[in-house]
There are 2 protein chains.
Amino acid sequence: MVKIPGQSTRGSRTGRPIMVLLDVLGQRWTLRILWELHQSRASFRTLQERCDGVSPTLLNKRLKNLRSLNLVDLDKDGYGLSAMGQSLTERLAPVGAWAKDWADQL
Amino acid sequence: MVKIPGQSTRGSRTGRPIMVLLDVLGQRWTLRILWELHQSRASFRTLQERCDGVSPTLLNKRLKNLRSLNLVDLDKDGYGLSAMGQSLTERLAPVGAWAKDWADQL
DNA sequence: TCTTTCTGCTACATAAAATGTAGCAACTGT
DNA sequence: ACAGTTGCTACATTTTATGTAGCAGAAAGA
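Residues numbered from 1 in each chain as written. Chains lettered and ligands numbered in written order. Predicted model: local features only at pLDDT ≥ 70, side-chain atom pairs only at ≥ 80, totals over all residues. Heavy atoms only, no water.

A.B. asks: Just checking my understanding: could you explain the protein's contact with DNA strand C for this structure?
C.D. replies: Of all residues adjacent to DNA strand C, which total 19 residues, the nearest are Phe44(A), Arg45(A), Asn60(A), Tyr79(A) and Arg62(B). For DNA strand C, the fraction of atoms within 4 Å of the protein that belong to sugar or phosphate moieties is 54%. In the model, a phosphate oxygen of DNA strand C is placed 2.8 Å from a nitrogen or oxygen of the Phe44(A) main chain. Of all the secondary-structure elements, those providing two or more residues to the surface near DNA strand C are helix H3 (44-50) and helix H4 (56-68) of chain A together with helix H4 (56-68) of chain B. Per-element accounting of the surface near DNA strand C gives the leading share, five residues, to H4(A). For the surface near DNA strand C, a count of residues per class yields seven nonpolar, five polar and seven charged. (Near = heavy atom within 4 Å. Polar contact = N/O pair within 3.5 Å; in protein donor to acceptor, adjacent residues only side chain to side chain. Helix = DSSP H or I, 4+ residues; strand = E, 2+ residues; numbered from the N terminus. Nonpolar A, V, L, I, M, F, W, Y, C, P; charged D, E, K, R; others polar.)

Here's what the structure looks like:
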């Protein structure tokens, strides 16, 4: 059972890792934040701009959460993906290619 | 430029398909709904139960949206993934495997 | 040293989104 | 005719996100 302190258990009643992950990624801006950090490290403010000016309140909330989940870290160069975060976004990459075909088909 | 009627343009100012997709997938329950439909087709109510009793209001909203995006369809056997939805969730599958390692590492 | 300009972050009122519960109309099977 | 489905809607309450302002600390320049 995966239990994250201060985290909702919505969609996690089974405790199956995938459910927990889908729950986390399904939070507004989380996916986008990971995507942006996958492009490059960024300071809080830069990241905020890149995320279409998402509110700092929420950005901070998400970043705190992603750090506690060991997907994101913070150093002198600002925020970036941890090794784990990197491996996740790498697996998410094929979806980027898929999106092009999908958009054409729409 | 991809424009979806009645859809927020949050995170879609560039109109890049991936941004639109991240925006859609980043909506609460969307990812989970796709995941559940990837397991098998289901009626509205069955799907609702599988999604930990998500409110029918929201479930319907998401399903409508996913149908307009050509990711989900509805037939006599209830809701299910379209061909497009299938190809998306297939690309999402590696993330399921990843989640196990991630959970162990937490 | 004294600004200026970054940094990450917080407070708080407003607005938007999600929940929970009840129930409707249409169809299916007995 | 009746019971049990189906997909779905209404609506009041609660939760979440937005937008704006601004604080405290570090670094860089004059």
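A.B. asks: Sorry if this is basic, but what is going on with the interface of chain B and chain A here?
C.D. replies: Interface size, as often reported, equals the accessible area lost upon joining of the parts. The interface of chain B with chain A comprises 42 residues on the first partner and 42 residues on the second. A combined buried area of about 4,000 Å² lies between chain B and chain A, and 73% of that area is made up of carbon and sulfur atoms. The interface formed by chain B and chain A contains zero salt bridges. Joining chain B to chain A, the criterion identifies eight residue pairs in polar contact (both at pLDDT 80 or more). Among the elements of the structure, helix H1 (17-25), helix H2 (30-39) and helix H5 (83-105) of chain B are those that each provide at least two residues to the side of chain B that touches chain A. (Contact = heavy atoms within 4.5 Å. Buried area = accessible area lost by both parts, 1.4 Å probe. Salt bridge = Lys/Arg side-chain N within 4 Å of Asp/Glu carboxyl O.)

A.B. asks: Even after reading the chapter, I still don't get the side chain of Thr89(A), so can you show me in this structure?
C.D. replies: By the secondary structure assignment, Thr89(A) is in helix H5 (residues 83-105). Those residues in contact with Thr89(A) that sit more than four places away from it in its chain are Leu34(A), His38(A) and Leu81(A).

A.B. asks: Help me out: how do you make sense of the protein's contact with DNA strand D in this one?
C.D. replies: Within the structure, DNA strand D sits among 19 residues, and Arg62(A), Phe44(B), Arg45(B), Asn60(B) and Tyr79(B) are positioned closest to it. What you see for DNA strand D is that sugar and phosphate hold 54% of its atoms within 4 Å of the protein. A distance of 2.5 Å is found between a phosphate oxygen of DNA strand D and a side-chain nitrogen or oxygen belonging to Arg62(A). Separating a phosphate oxygen of DNA strand D from a side-chain N or O atom of Asn60(B) is a distance of 2.6 Å. Within the residue set of the surface near DNA strand D, elements represented by two or more residues are H4 of chain A together with helix H3 (44-50) and H4 of chain B. When its residues are assigned to classes, the surface near DNA strand D shows seven nonpolar, five polar and seven charged.

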